[in-house]
There are 2 protein chains.
Amino acid sequence: MTTTDLSLPPALTQVSVHDAFWSPRLDANRAHTLPALYGKLVEVGALDSYDLPEYAKQGVTIPKHNGVTPQMWWDSDVAKWIEAASASLVTHPDAALDAQIDDAIARMAGAQQPDGYLNTYFTAIEPDKKLTNERDWHELYNAGHLIEAAVTHYQATGKTSLLDIVERYARFLSGVYGTGKGQRPGYPGHEEIELALLRLYHATGRREHLDFARYFLDQRGTLPNYFETEALARGDDPKDFWAGTHEYMQAHQPVREQSQVVGHAVRAMYLYAAMADLAAADGDAALRSACERLWDDLTRNSLYLTGGLGPSASNEGMTQPYDLPNDTAYAETCAAVGLAFWARRMAALTGEAKYADVMERALYNNVLSGVSLSGDRFLYENPLESDGTHRRWAWHSCPCCPPNLARILASLGEYVYAVSAHEVTVNLYAGSTLRINLGADVGGQKLTLTQESAYPWRGDVHLSVELNAPATVTVRLRIPAWASGATVTVNGEAQPATPVQGYAVITREWRSGDRIDLTLPMQPRRTYAHPAVRQDAGLVALEYGPLVYCVEGVDQDADLHALSLPRDAALSARFDPELLGGVSVIEGDAVADQVGSDDLYSESPPATRAARLTAIPYAVWDNREPTPMRVWLRESVR
Amino acid sequence: MTTTDLSLPPALTQVSVHDAFWSPRLDANRAHTLPALYGKLVEVGALDSYDLPEYAKQGVTIPKHNGVTPQMWWDSDVAKWIEAASASLVTHPDAALDAQIDDAIARMAGAQQPDGYLNTYFTAIEPDKKLTNERDWHELYNAGHLIEAAVTHYQATGKTSLLDIVERYARFLSGVYGTGKGQRPGYPGHEEIELALLRLYHATGRREHLDFARYFLDQRGTLPNYFETEALARGDDPKDFWAGTHEYMQAHQPVREQSQVVGHAVRAMYLYAAMADLAAADGDAALRSACERLWDDLTRNSLYLTGGLGPSASNEGMTQPYDLPNDTAYAETCAAVGLAFWARRMAALTGEAKYADVMERALYNNVLSGVSLSGDRFLYENPLESDGTHRRWAWHSCPCCPPNLARILASLGEYVYAVSAHEVTVNLYAGSTLRINLGADVGGQKLTLTQESAYPWRGDVHLSVELNAPATVTVRLRIPAWASGATVTVNGEAQPATPVQGYAVITREWRSGDRIDLTLPMQPRRTYAHPAVRQDAGLVALEYGPLVYCVEGVDQDADLHALSLPRDAALSARFDPELLGGVSVIEGDAVADQVGSDDLYSESPPATRAARLTAIPYAVWDNREPTPMRVWLRESVR
């Protein structure tokens, strides 16, 4: 594999992460999350569902497996597990895991229909309803995840067993869906296949997949709305759509005309990720412009500080600008994963660091909070305040988040670097090694870039260069927006201080042994929300580097709501190797309201006393006993 | 009617209210609420339901009337309308209304079964299910409201038409329910009949009604739990109780053992009102002690500042101590009405003013907020914060609150005064006239007490005495807990300053022309919640006299959440005759967060600017265009 003109993530085989912060999480992901997922897929019958006969044709009741009826999104869960497990094999070869994957793929091959169709739920349970309700029934969504799994499996193992299956399936689908004669002008109710087809294009170079992705994006939201056409064809009244609006799946207007992030948050993120990828591949200015508008809308109006989005449980998604409730925040883990997908592609599309800033925010906060340090307990919703009753669980009736977490963590290297024929971009600071072949026009040299740092606890990052021959390429180092006073040296020599598009850009002839030192000044900082956010009025949050902090009741000597942090109180960070696997806490002198009497109401304000406030990274909340938590703290002004 | 040794409310015929604050509300109640209620009862078919044949026996589908199926609580709604309308006749004779009442009563007489049973729902719709599910089906609740209506109708009109019906019904029920042979040891799932039977006892003097009330209270919460026995008798599994716990209806333990206000708030209030009344009538120390424990629990842990209670919609009731959410507060209007019932009886039972303080709080705030100034729009839930979408409505599928409001407003005089053979207690300050015959032991004189005041806008109250002969009685004037520095003079002569049990107590020989002047110093005051109330941490509320204030968006030049009130800002009250029918507003200099940039998050706290804060009484919120509202305001400390 070599680099191209497009800025793309490195192949998984080109990068490895070995980092004090990330490695324990990746180890837990491999050692605990992956087996837990596989165990659950076996337990509920998701894997066995590939072997199911057509129950509907036999006229028998839909079977239950350990009490669970087959679910129409199971294929996606199996696919995400394959994707995560395959990625894991790159750095940690594991014959048993490899065999589990091969077994699952063999079952998939057996379940694939002669025409290429592959969906266990519809094949086994409701074969007469195949391809009749893309609005609700997740067939193209499942297909997308199969395709993503196939791409990763192929890139990780070199095997084409799953790739062959999904390319057959994709060709079947591109026969069904399109604007040609006899085709249905449809597209998915839950976006996913668009970004998957673009990954398939990047992996195979076959333009048919790019074209099919473009078709889905071009068709979306056009009139007459396909979901209404499809409902009429089923004999349903289109008005009986339970979600009430096509904004729910971003099908209310053509994608190039969209300006506001609406509806189901995960769907929106997957759609926009595909739009950004296609905009880059096609050089499509209108699509890029839509992406930029949507990005501005999200980040100016509706993004939680933690990189979460979608405040509402009722639509698993968006509500009004500046509506960011903390205790009832839905902020689904998958939505933050999807935001990282989109942000990475926006950074590649535009070259601007602000996108990678948000990618980092999502990864270090709302994504990581989705899984316990132990790797086997998960959060679906990621509120910014809890009374102690919001806990992680081992599984979920709609188990989308755990395997989504598993696959993004297993492919973390794709987020650390981006590469093109003549440029290496460093988007995340994490101990890692990148090995690529430079483009032929540069000279085709073998470049190894090794990164060392104690990020996010410390802001000094060191990169060393190995080359089999000198090469003139550009290295871009992201300067996070919060890192004022960042400095860069090459071999000890100071580099120009002003970032370009948010990156320190160094173009020179590099030689083996060259060393880059980046210093990002890091200290606890206070963050305030826009005054239009009613839920954060009068409150302050604490951040440190890329991490958002929270207070947990177990660390304080006062009720969380009784604590307030004086605006001028000094804050300090202290690394505690014993706490939560080793984290830096933020400490400061606070005040706490004191109970004066039993009276429920009083004409006297509560007296206050001195208190000590200890904050931990939001990423590791709820890893101890049940205890209240909050990100936004009362601020007092003396 | 003459006075007794018990402290009881005056009969409706003994008191009239003519007050600048209350009369417009009472006029709206009579002129708009009562006709609106009657119109709705006709429209939905509640009145016609008395004429329904037994559909179930005919084997036909339950009929709908204007699209509405008969509801099992309709009898209570008709009864509450009769009660309110009857009370209205005392001060405002109205032949047409009198005829409407007579017509309804005649229908009831026609619907009463030969054995005395009277329930339109079960007679017409499910005759086979009569008296089989007191846990859920509201039969005794409906009976209680019929009894209350009969008592008021009798007291107001002297007619016994409804009284005869309910006494027959009560005797039928006391045959069914009891601990004797062949009786069922049951009691209501929704309390109400207990307090109604006690009213029937007070009105008729017949001890059988007192005894039946006592039976219900004694039996409640004993083991085996009757609702489980009853479920088994129906063939149901007692574990399938949808509410999950007998705390829901305060049947989890015998009433004399109860210490914590639990479950459905309205049910709790109705129960405790009956307990207090029986404790007084029986001199039952254990019952009184339970009432006092429950009162302390409510007022120390769970009472909204507005006199509302029951924060949770899911059980229409109680949750945990100090859980007082503002925006999601259920705080049902009926619960505050029920609190006024209970508080009035506690004040009578104990002689302590603190109970009447809470009665006043409920009446002037959460009760009054339940109805629009126009008298025809209602709140079921009374939150202390709204984004502008919580509005009054004209009717409700469970329309308990509007007629409950109507009856308590129509009988307001019962809350202003309490009388016994030798004592007059003034619990509320409102322009009014009380005419009673003193007890025979005092001399049987005719006493007329006339009260004049501009309360709650001003704290000076004037009472004048008329007597056909001098009489030595005690007059007790409540000194509200907030009124420090209150003074009382009789004929200009200062009276002892220290209240007894919260009352200024004046025992003397009174003569016609005697004049009492009470001065309650009144100024805007700040109120703070106990530090354990997380929802009010850092917030302050404003009160003035008995009124809790709120800010509505329409009166401010800043978003409500962006406003904060400096702790030392001067506050002033100003009467505005043009605003909301004439109210005093509280005004003060506040500060407002300013928007500095489009950034959703910033390292800089919002700059502030001077702003003017204008607060209105909570009782009159949502009487203009939709606008946000909040009671608890951010406080800043300079």
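Residues numbered from 1 in each chain as written. Chains lettered and ligands numbered in written order. Predicted model: local features only at pLDDT ≥ 70, side-chain atom pairs only at ≥ 80, totals over all residues. Heavy atoms only, no water.

A. Focus on the overall build of chain A. Looking only at helices and strands, chain A features 16 helices and 22 strands. What you see for chain A is a C-alpha radius of gyration of 25 Å, in line with the 26 Å of a compact globule of 638 residues. For chain A, the spread of C-alpha atoms along the principal axes amounts to about 75 × 70 × 50 Å. For chain A, with 638 residues in total, the buried portion stands at 62%. Taking as baseline every contact in chain A between residues at least 6 positions apart, the subset at least 24 positions apart corresponds to 70%. By element, 49% of the accessible surface of chain A is carried by carbon and sulfur atoms, the whole surface being about 22,000 Å². (Helix = DSSP H or I, 4+ residues; strand = E, 2+ residues; numbered from the N terminus. Rg over C-alpha atoms; globule rule 2.2 N^0.38 Å. Buried < 20%, exposed > 50% of the residue type's maximum accessible area, 1.4 Å probe, protein only. Contact = heavy atoms within 4.5 Å. Areas by Shrake-Rupley, 256 points an atom, 1.4 Å probe, with all protein chains shown as cover.)

B. Highlighting the relation of the copies chain B and chain A. With an RMSD of 0.0 Å, the operation that places chain B on chain A is a rotation of 180° combined with a shift of 0.1 Å along the axis. This pairing of chains is accounted for by a two-fold axis. A share of 100% of interface residues in chain B that are also interface residues in chain A marks the association as one of identical surfaces. (Least-squares fit on C-alpha atoms with pLDDT ≥ 70 in both.)

C. Main features of the packing of aromatic side chains. Residues and elements named next belong to chain A. Counted according to the given criterion, the structure contains 66 aromatic pairs over all chains. When the centroid spacing of 4.8 Å and the interplanar angle of 40° are considered together, the rings of Y38 and W81 count as tilted. Taken as a pair, Y38 in helix α1 (residues 22–44) and W81 in helix α3 (residues 74–91) lie far apart in primary sequence, 43 residues in all. Owing to a relative accessible area of 16%, Y38 belongs among the buried residues under this scheme. Residue class for W81 comes out buried when judged on its relative accessible area of 0%. (Phe/Tyr/Trp six-rings, centres within 6.5 Å; stacked < 30°, edge-to-face > 60°.)

D. Expanded view of the interface of chain B and chain A. In this assembly, 41 residues from chain B lie in contact with 41 residues from chain A. In this assembly, chain B packs against chain A so that about 3,300 Å² is buried in total across both faces, 60% of it on carbon and sulfur atoms. Summed over the shared surface of chain B and chain A, the result is two salt bridges. Our enumeration of links across chain B and chain A arrives at 12 residue pairs in polar contact (both at pLDDT 80 or more). Taken together, the elements giving at least two residues each to the side of chain B that touches chain A come down to α12 (285–302), β13 (525–529) and β19 (601–602) of chain B. In terms of residue class, the side of chain B that touches chain A is built from 20 nonpolar, 11 polar and 10 charged. (Buried area = accessible area lost by both parts, 1.4 Å probe. Salt bridge = Lys/Arg side-chain N within 4 Å of Asp/Glu carboxyl O. Polar contact = N/O pair within 3.5 Å; in protein donor to acceptor, adjacent residues only side chain to side chain. Nonpolar A, V, L, I, M, F, W, Y, C, P; charged D, E, K, R; others polar.)

E. A negative patch on the surface, seen in detail. A grouping of A:D327, A:D387, B:D327 and B:D387 is seen on the molecular surface, where their side chains present a negatively charged patch. Residue position: A:D327 is located in the loop between α12 (285–302) and α13 (333–350). (Patch = residues over 30% accessible without salt bridge, like charges linked within 9 Å, V, L, I, M, F, W, Y side chains within 5 Å. Lys, Arg positive; Asp, Glu negative; His and termini not counted. Charge placed at Lys NZ, Arg CZ, Asp CG, Glu CD.)

F. Up close: the sheet that holds strand β3 (residues 417–420) of chain B. Residue and element names in this part refer to chain B. Pairing is mixed in the open sheet, where four strands are placed in the order β3-β4-β8-β11. The open sheet has two edge strands with one neighbour each: β3 and β11 (503–510). Here the average twist between neighbouring strands, direction ignored, is 15°. With eight bridges connecting them, strand β8 (residues 471–478) and β11 associate as antiparallel partners. By the bridge assignment for β11, T474 is matched with T507. The sheet contacts of helix α14 (residues 353–367) involve β8 and β11, and relative to β8 the element is tilted by about 55°. (Pairing = 2+ DSSP bridges. Axes fitted to C-alpha atoms, helices over the stretch in contact; angles between N-to-C directions.)

G. Seen up close, helix α15 (residues 401–410) of chain B. Counting buried positions over the 10 residues of α15(B) gives nine, a clear majority of the element. Taken as a whole, α15(B) has its buried residues at B:C401, B:P402, B:P403, B:N404, B:L405, B:A406, B:R407, B:I408 and B:L409.

H. Spotlight on helix α7 (residues 161–176) of chain B. Residue and element names in this part refer to chain B. In this model, α7 (16 residues) spans 23 Å end to end at C-alpha, consistent with the 22 Å of a helix rising 1.5 Å per residue. Taken residue by residue, α7 has L162, L163, I165, V166, E167, Y169, A170, F172, L173 and V176 as its buried positions. Taken together, the buried residues of α7 touch α3 (74–91), α4 (95–111), α6 (139–157), α8 (193–204) and α9 (207–219). (Expected span 1.5 Å × (residues − 1).)

I. The arrangement of the environment of B:S88 in detail. Residue and element names in this part refer to chain B. Structurally, the position occupied by S88 is in helix α3. With relative accessibility at 7%, the residue S88 sits in the buried group. C-alpha of S88 to C-alpha of D98: the two residues are 10 residues apart in sequence and 9.9 Å apart in space.

J. Molecular detail of the environment of B:V426. Looking at the secondary structure, you find B:V426 in strand β4 (residues 423–426). The sequence separation of B:V426 and B:S86 amounts to 340 residues, and the corresponding C-alpha distance is 24 Å.

K. Spotlight on the pairing of β3(B). All names here are of chain B. Of the two faces of β3, the one holding Y417 and V419 and the one holding A418 and S420 are both buried throughout. Inspection of the sheet shows β3 paired to β4 by four bridges, in the antiparallel sense. Paired with Y417 across the strands is V426, a residue of β4. Counting the residues that bridge the hairpin from β3 to β4 gives two residues.

L. Representation of the sheet that holds strand β6 (residues 446–453) of chain B within the structure. Residues and elements named next belong to chain B. With respect to topology, seven strands assemble into an open sheet ordered β1-β5-β6-β7-β12-β9-β10, the strand pairing being antiparallel. What marks the edges here is a single partner per strand, and that holds for β1 (15–17) and β10 (493–494). Pairing between β1 and strand β5 (residues 432–437): three bridges, direction antiparallel. Bridge pairing links S16 to T433 in β5.

M. Looking closely at the packing of α7(B) against α9(B). Residues and elements named next belong to chain B. Closest axis-to-axis distance for the α7/α9 pair is 11 Å, and the angle between their directions is 45°. For the element pair α7 / α9, the angle class is oblique. Crossing angle aside, the handedness with which α7 passes α9 is left-handed. Within the contact between the two elements, α7 uses E167, A170, R171, L173 and S174 and α9 uses E208, H209 and F212. Considering only residue class, the contact of α7 with α9 consists of three nonpolar, two polar and three charged. (Parallel < 35°, antiparallel > 145°, perpendicular 65-115°, else oblique. Left-handed = near helix turned anticlockwise from the far one by under 90°.)

N. Inspection of the confidence of the model for chain A at higher detail. Looking at chain A, the pLDDT average stands at 94 and 96% of residues meet or exceed 70. Here the prediction assigns the complex a pTM of 0.93, and the interface score ipTM is 0.94. (pLDDT = per-residue confidence, 0-100.)

O. Region of the structure containing the pattern of salt bridges. In this structure the tally under the stated criterion is 94 salt bridges over all chains. In this structure, the salt-bridge partner of B:R525 is A:E603, at a minimum N-O distance of 3.7 Å. Of this pair, B:R525 sits in strand β13 while A:E603 sits in the loop between β19 (601–602) and β20 (608–617), each in a different chain. With a relative accessible area of 47%, A:E603 lands in the partly exposed category. Among the ionic pairs, B:D48 bridges to B:R107, the shortest N-O distance being 2.9 Å. With B:D48 in the loop between α1 (22–44) and α2 (55–58) and B:R107 in helix α4, the pair connects residues that are 59 residues apart, well separated along the chain. Residue B:D48 is classed as partly exposed on the basis of its relative accessible area of 32%. Each member of the salt-bridge network shares a partner with another, and the members are A:D48, A:D51, A:D103 and A:R107.

P. Representation of unusual backbone geometry within the structure. With an omega dihedral of -5°, the bond running from A:L223 to A:P224 counts as a cis peptide bond. Tracing the backbone through its elements, the reader meets A:P224 in the loop between α9 (207–219) and α10 (226–234). Residues B:Y455 and B:P456 are joined by a peptide bond in cis, for which omega reads 0°. For B:P456, the location among the structural elements is in the loop between β6 and β7 (460–467). Unusually for a residue other than glycine, A:H138 sits at a positive phi of about 65°. For A:H138, the position within the fold is in the loop between α5 (120–124) and α6 (139–157). Here the phi dihedral of A:E316 falls at roughly 45°; this positive angle occurs in a residue that is not glycine.

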